[in-house]
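Remarks on the overall topology
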Amino acid sequence: MGVAVATEGLTRTFGAVTAVDHITFHIEEGEVFGLLGPNGAGKTTMVRLLNALILPTSGSATVFGKSVLQQGDSVRSMTGVLTESPNLYERLSARRNLTFFGRLYGVPEADLKSRVDRTLTWLGLADRADDLAGTFSKGMKQRLALARALLHDPPLLFLDEPTSGLDPSAAREVDTLIAELSRERGRTVLLCTHNLVEAQRLCDRVGVLANGRMIACGSVQELAQRLWSSMAVEIDLLVPPPPDLGEILGAIPGLSMVTVEGTRIEVRVNTREQVPEAVSAIVGAGGQVLRVVPREHTLEEIYFALQKEERS
Ligand SMILES: Nc1ncnc2c1ncn2[C@@H]1O[C@H](COP(=O)(O)OP(=O)(O)OP(=O)(O)O)[C@@H](O)[C@H]1O
Ligand SMILES: [Mg+2]
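So, here is what we can say about the structure in this document.

1. Some details on helix α4 (residues 109-122)
- Relative to the 20 Å expected for 14 residues at 1.5 Å per residue, α4 spans 20 Å between its end C-alpha atoms, a close match to the ideal helical length.
- Within α4, burial applies to V116, T119 and L120.
- On its buried side, α4 packs onto α3 (94-104) and α5 (138-150).
- A positive phi of about 70° marks G124, the residue just after α4.

2. Section: the site of ligand 1
- As a structural note, the neighbourhood of ligand 1 is formed by F14, V17, A19, G37, N39, G40, A41, G42, K43, T44 and T45.
- Among the secondary structure elements, those contributing two or more residues to the shell around ligand 1 are β2 (17-23) and α1 (43-50).
- When residues in the shell around ligand 1 are grouped by element, the largest group, three residues, is from α1.
- Grouping the amino acids of the shell around ligand 1 by side-chain chemistry returns four nonpolar, six polar and one charged.

3. Focus: the nonpolar core
- Counting 65 residues, the largest nonpolar core has L50, A147 and L191 as the members making the most contacts within it.
- For this core, the element with the highest residue contribution is α5, accounting for seven residues.
- In contact with A147, other than residues within four places in its own chain, are L98, T119, L120, L123 and L125.
- Membership of the second largest hydrophobic core comes to 13 residues, among which are M231, V233, L249 and M257.

4. Some thoughts on the packing of α3 against α5
- It is the contact of α3 with α5, at a shortest axis distance of 9 Å, that shows an interaxial angle of 25°. Classed by the angle they form, the pair α3 and α5 counts as roughly parallel. For the pair α3 and α5, the crossing hand works out as right-handed. Between α3, through A94, N97, L98 and F101, and α5, the contact on the second element is made entirely by L144, A147 and R148.

5. A look at the environment of I302
- For I302, the position within the fold is in helix α11 (residues 299-311).
- A tally of 25 C-beta atoms within 10 Å means that I302 is categorised as buried.
- Separated by 115 residues in the primary sequence, I302 and R187 have C-alpha atoms spaced 27 Å apart.
- If we skip the residues at most four places from it in the chain, I302 touches V220, L223, A224, L227 and H297.

6. Re unusual backbone geometry
- Here H22, not a glycine, exhibits a phi torsion of approximately 50°, which is positive.
- Take H22: it is sitting in strand β2.
- Phi at D153 takes a positive value of approximately 55°, unusual for a residue other than glycine.
- Along the chain, D153 turns up in the loop between α5 and β8 (156-160).
- Assessed through the 13 C-beta atoms surrounding it within 10 Å, D153 is described here as partly exposed.

Quick notes on the rules
Residues numbered from 1 in each chain as written. Chains lettered and ligands numbered in written order. Predicted model: local features only at pLDDT ≥ 70, side-chain atom pairs only at ≥ 80, totals over all residues. Helix = DSSP H or I, 4+ residues; strand = E, 2+ residues; numbered from the N terminus. Expected span 1.5 Å × (residues − 1). Buried ≥ 20, exposed ≤ 12 C-beta atoms within 10 Å, placed from the backbone. Contact = placed C-beta atoms within 7 Å. Near = placed C-beta within 6 Å. Nonpolar A, V, L, I, M, F, W, Y, C, P; charged D, E, K, R; others polar. Core = buried A, V, L, I, M, F, W, Y, C linked by C-beta atoms within 7 Å. Axes fitted to C-alpha atoms, helices over the stretch in contact; angles between N-to-C directions. Parallel < 35°, antiparallel > 145°, perpendicular 65-115°, else oblique. Left-handed = near helix turned anticlockwise from the far one by under 90°.

See the structure below:
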């Protein structure tokens, strides 16, 4: 797998505000990468920079090897963008909106009609295809904007808060679509979202922004490991544990037994890879394991811990 996006010291200022501040990161091909951070952290500015819609103040970025500084047109031909506000032509029908943008993106005329129809059907808009976009509900407009981003079948998609303002079932449909784009179609997705449950479900890795800087980048597991040196694992046994279990576990580097309450014990491990190791040590000591529940940190806990660290 190649690299879809790579930045090096990417920086963009607006007057006194540094919206994107010396960010170096990359997105692998086929990955769903989540860009998280509070309002004003720099997410949308990053999206605009990576689509060569605005230029960096300093630093550089490439999209599939093409420079956003020198090869903006090539970059834009490989990307689809769902912006924060849909920006559709309200007085054109859904079909005419897509046909117009399809031409703009250079979809071959011979393919245009079938491509538009297929995309409308895909996004559940086929029966409203000839209604004016201005008469659509917010969720339908969002789906039409998503259709526009997908129309020219770009290998890299930027989705800036694609589910904001959608009802739960429409949001879930968009999430399913993102997962499908990535897993079945090998598309790369950069997803800006405030919905941390959505991000945890969809993203292979996330980058957390604060005041224009990327304060953390990695998978949920990697970030949790960086923030907390150990993880609790709750283990239920069939009968109370042998009395020397604490000692046996304590002798294994990185493992310790914290509490015993009847048949329930809590073990701490340094890495999630040590969970099976702990279980086999318990079994080896005569423990009859019934249930193992690692208490993995959620992206939400990670996010708040990072923002707290940032403030202190
Ligand atoms: N065109 C502009 N002119 C002046 N300042 C700008 C411009 N675009 C962005 N900014 C500033 O850059 C900072 C980052 O804004 P940006 O829109 O990238 O944040 P964001 O992370 O997308 O926030 P949100 O979650 O609210 O969408 C903010 O302080 C914003 O005011
Ligand atoms: Mg934004």
